[in-house]
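Structural overview
Residues per chain, in single letters:
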Amino acid sequence: VKNAFVDKNYDVQLNISPALETNLWRGGKSIIQFIFPLANSSRAFGEEGKYIRPGYVILKQELGLFNKFFTSVETGLFNQNRFGVSISNDYFLNDNIVLNFQYAFTGSAWFGKEWKLGTMNTSTWSGKGSYYLKWIDTHINLSVQRYLSSETGVRFDLYRMFGETGIGVYGLIVDGSKNAGFNFRIPISPRKQNRKGKFRIALPNHFDWEYSASDIEDKAAYPKTQPTNRRRGYTEN
């Protein structure tokens, strides 16, 4: 849902996006997602949203290099109309502090009446620290990111969990432009699921929503590599 024009309250895009996730070997998995459009306002969201198209198509390998340090390498189609390679590293200083550094090298990928791939020539990176307050189940995150626009920004998040439900606020500064908002997470699937058998069908664990007070998407776009990004130790907002 996007409020982008003064002559219309909201533009809406509605999709069904099933994904098939397969465990290939130890630490290795693939994710293949297709997007089926139900409604799309091309004025706000573009012509691409009218077509059945691939979403995330990912091959991922996770490695535990040594105690408290984990790395993952992902390649394929990401969001933000990008394809390429992403490397993410998590280091657990203790039970409360997690440090993460992510680097991605990508090119543009567009799907309409035909498939178009650009040249891989864009670098993005993110450095993030997360502090966990166990006694109130709250995460405090501070990150510095280089976005697809080649601009650098700083983001602060305060996120609290109430059981399986979470709510948070954030602030963002990118090249002098300021933004703020809130986000929340509501559980859909039960915490305990039957994981027996080689094949199972499941709903997403949570419904996530984030409200942005201003539109700085062109400056603050950063590629995500999975439909849900919940890295070890903290929630990705």
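Coordinates for the structure precede this section.
Values in this document were obtained by computation on a predicted structure and should not be read as measured data. (Residues numbered from 1 in each chain as written. Predicted model: local features only at pLDDT ≥ 70, side-chain atom pairs only at ≥ 80, totals over all residues. Heavy atoms only, no water.)

Okay, the pairing of strand β7 (residues 97–111) next. Two strands pair when backbone bridges link them, and strand β6 (residues 82–92) and β7 are joined in this way by eleven bridges, in the antiparallel orientation. Residue S86 lies in a different strand from β7, and its bridge partner there is A104. Note: β7 against strand β9 (residues 122–133), ten bridges, orientation antiparallel. In the strand pairing of β9, V98 is matched with S130. Pairing geometry for β7 and strand β8 (residues 115–117), over three bridges, is antiparallel. Residue pairing for β8: F111 is matched across the bridge by W115. Connecting β7 to the antiparallel partner β8 that follows it, the hairpin turn spans three residues. (Pairing = 2+ DSSP bridges. Helix = DSSP H or I, 4+ residues; strand = E, 2+ residues; numbered from the N terminus.)

So, about the pairing of strand β11 (residues 152–162). Burial of β11 is one-sided: the residues G153, R155, D157, Y159 and M161 facing one way are buried, the residues T152, V154, F156, L158, R160 and F162 facing the other way are not. Note: strand β10 (residues 138–146) against β11, nine bridges, orientation antiparallel. Along β11, the bridge assignment pairs I140 with L158. Counting the residues that bridge the hairpin from β10 to β11 gives five residues, and of these S150 lies at a positive phi of roughly 70°. Of the strand pairs in this sheet, β11 and strand β12 (residues 165–174) are connected by ten bridges, and their pairing is antiparallel. Bridge pairing links V154 to I173 in β12. From the end of β11 to the start of β12, which pair antiparallel, there are two residues, and G163 there has a positive phi angle of about 70°. (Buried < 20%, exposed > 50% of the residue type's maximum accessible area, 1.4 Å probe, protein only.)

Aromatic ring pairs are described here by two measures, namely the spacing of the ring centres and the angle between the planes. Here the structure, examined in full by the defined rule, presents seven aromatic pairs. Here F66 and F69 contribute two aromatic rings whose centre-to-centre distance is 5.1 Å and whose plane-to-plane angle is 10°, an arrangement assigned as stacked. The class for F66 is exposed, based on a relative accessible area of 52%. The interplanar angle of 25° and the centroid separation of 5.4 Å between the aromatic rings of F182 and Y211 together place this pair among those described as stacked. With F182 in strand β13 (residues 177–187) and Y211 in strand β14 (residues 206–212), this residue pair connects regions lying 29 residues apart in the sequence. Given the relative accessible area of 42%, Y211 is considered partly exposed. Every member of this aromatic cluster is reached through a ring pair, and the members are F66, F69 and Y91. Looking at R155, its charged tip hangs above the ring of Y170, at a distance of 4.1 Å from the centre. (Phe/Tyr/Trp six-rings, centres within 6.5 Å; stacked < 30°, edge-to-face > 60°. Lys NZ or Arg CZ within 6 Å of the ring centre and 35° of its normal.)

Before going further, it helps to examine the side chain of N100. Mapping N100 onto the fold places it in strand β7. A relative accessible area of 4% places N100 in the buried class. Side-chain polar atoms of N100 contact the backbone oxygen of N89, separated by 3.0 Å. (Polar contact = N/O pair within 3.5 Å; in protein donor to acceptor, adjacent residues only side chain to side chain.)

This part covers the environment of F83. Within the secondary structure layout, F83 lies in strand β6. According to the relative accessible area criterion, F83 is buried, its value standing at 16%. Residues F83 and F105, spaced 22 residues apart in sequence, show a C-alpha to C-alpha distance of 8.4 Å. With sequence-adjacent residues up to four places away left out, F83 is seen in contact with G76, L77, F78, F105, T106, G107, S108, A109, L117, G118 and M120. (Contact = heavy atoms within 4.5 Å.)

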